[in-house]
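Per-entry structural report
Letter by letter, the chains look like this.
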Amino acid sequence: MSLLRFCEWLAATPGSIALHESRYVFLIVLMVHVLTLCVFVGTAVMVDLRLLGLTLQRVPASEVMARILPWTAAGFLVMIVSGALLFYAEPVSRYHNLFFRLKMVTLVLAVINAWEFYRTVYRGVADWDMYPVPPRAARVAGGLSLALWAIMITLGRMIAYQAYWFDCGRQPHSAIVNLLMGC
């Protein structure tokens, strides 16, 4: 079964139809997604700015992480669940949405960046914990994280405007655009 066929099957399920056609539930899920995005990104930015050495320089990096990351993780978890529900409400539309696809690629890159940071650089935090400006690898991870989340937020906002630029039903598009949209 192809991914498009799976999305078509998913869109035909009673839960997807009910969520898509709901007058209030879809909007509540969207609101939760945006609010938890604020919690997640707000706390992630504080961590990233500490990694860049731009804020909280007198506070050990490990203490910043210990205090902020539980909120970041909670925001991320609720954001992912609410985002999955938003996808579930309109899977075929999201399948063909170039901005959604790019957002998912960016999400994967952001997760890889965080995972690689904790797997490598953060293991040596005891060596640089009190430095006002962490080592280069930590700064790169923090800067990359900030850039990826800014891109992801922009792409998420652009999802609603797909039809203005890229619509499988409105051709012609270049072959690369059709490929990226799954047309």
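Procedures and definitions
Residues numbered from 1 in each chain as written. Predicted model: local features only at pLDDT ≥ 70, side-chain atom pairs only at ≥ 80, totals over all residues. Heavy atoms only, no water. 1 Å grid on protein atoms, 1.4 Å probe; cavity = no way out; pocket = protein on both sides within 12 Å on 5 of 7 lines; lining within 4 Å. Points joined across faces, edges and corners; volume = space filled by probe spheres on them. Helix = DSSP H or I, 4+ residues; strand = E, 2+ residues; numbered from the N terminus. Nonpolar A, V, L, I, M, F, W, Y, C, P; charged D, E, K, R; others polar. Phe/Tyr/Trp six-rings, centres within 6.5 Å; stacked < 30°, edge-to-face > 60°. Buried < 20%, exposed > 50% of the residue type's maximum accessible area, 1.4 Å probe, protein only. Lys NZ or Arg CZ within 6 Å of the ring centre and 35° of its normal.

What to know about the layout of surface pockets
- Taken as a whole, the largest pocket encloses approximately 660 Å³ of empty space.
- Around the largest pocket, the lining comprises 23 residues; the ones closest to its centre are His33, Leu86, Lys103, Gly156 and Ile159.
- Elements that contribute at least two residues to the lining of the largest pocket include exactly helix H3 (25-51), helix H4 (61-89), helix H6 (98-119) and helix H8 (136-158).
- Of all the elements, H4 adds the most residues to the lining of the largest pocket, at six residues.
- Here the lining of the largest pocket is built from residues that sort into 17 nonpolar, three polar and three charged.
- Roughly 370 Å³ of internal volume is contained in the second largest pocket.
- Along its surface, the second largest pocket is lined by 19 residues, and Phe40, Leu69, Thr72, Ala114 and Tyr118 are the ones closest to its centre.
- Taken together, the elements giving at least two residues each to the lining of the second largest pocket come down to H3, H4, H6 and H8.
- Broken down by element, the residue count for the lining of the second largest pocket peaks at six residues, all from H6.
- A per-class count over the lining of the second largest pocket returns 14 nonpolar, four polar and one charged.

Things to note about the packing of aromatic side chains
- Applying the stated criterion to the full structure yields seven aromatic pairs.
- Judged by centre distance (5.4 Å) and plane angle (45°), the rings of Phe40 and Phe76 are tilted. Highlighted residues: Phe40 in helix H3 and Phe76 in helix H4, separated in sequence by 36 residues.
- With relative accessibility at 25%, the residue Phe76 sits in the partly exposed group.
- Through successive ring pairs, a cluster of aromatic residues spans Phe40, Phe76 and Trp149.
- The side chain of Arg101 reaches across the aromatic face of Tyr95, ending 4.5 Å from its centre.
- Sitting over the face of the ring of Trp115, Arg119 holds its NZ or CZ atom 5.1 Å from the ring centroid.

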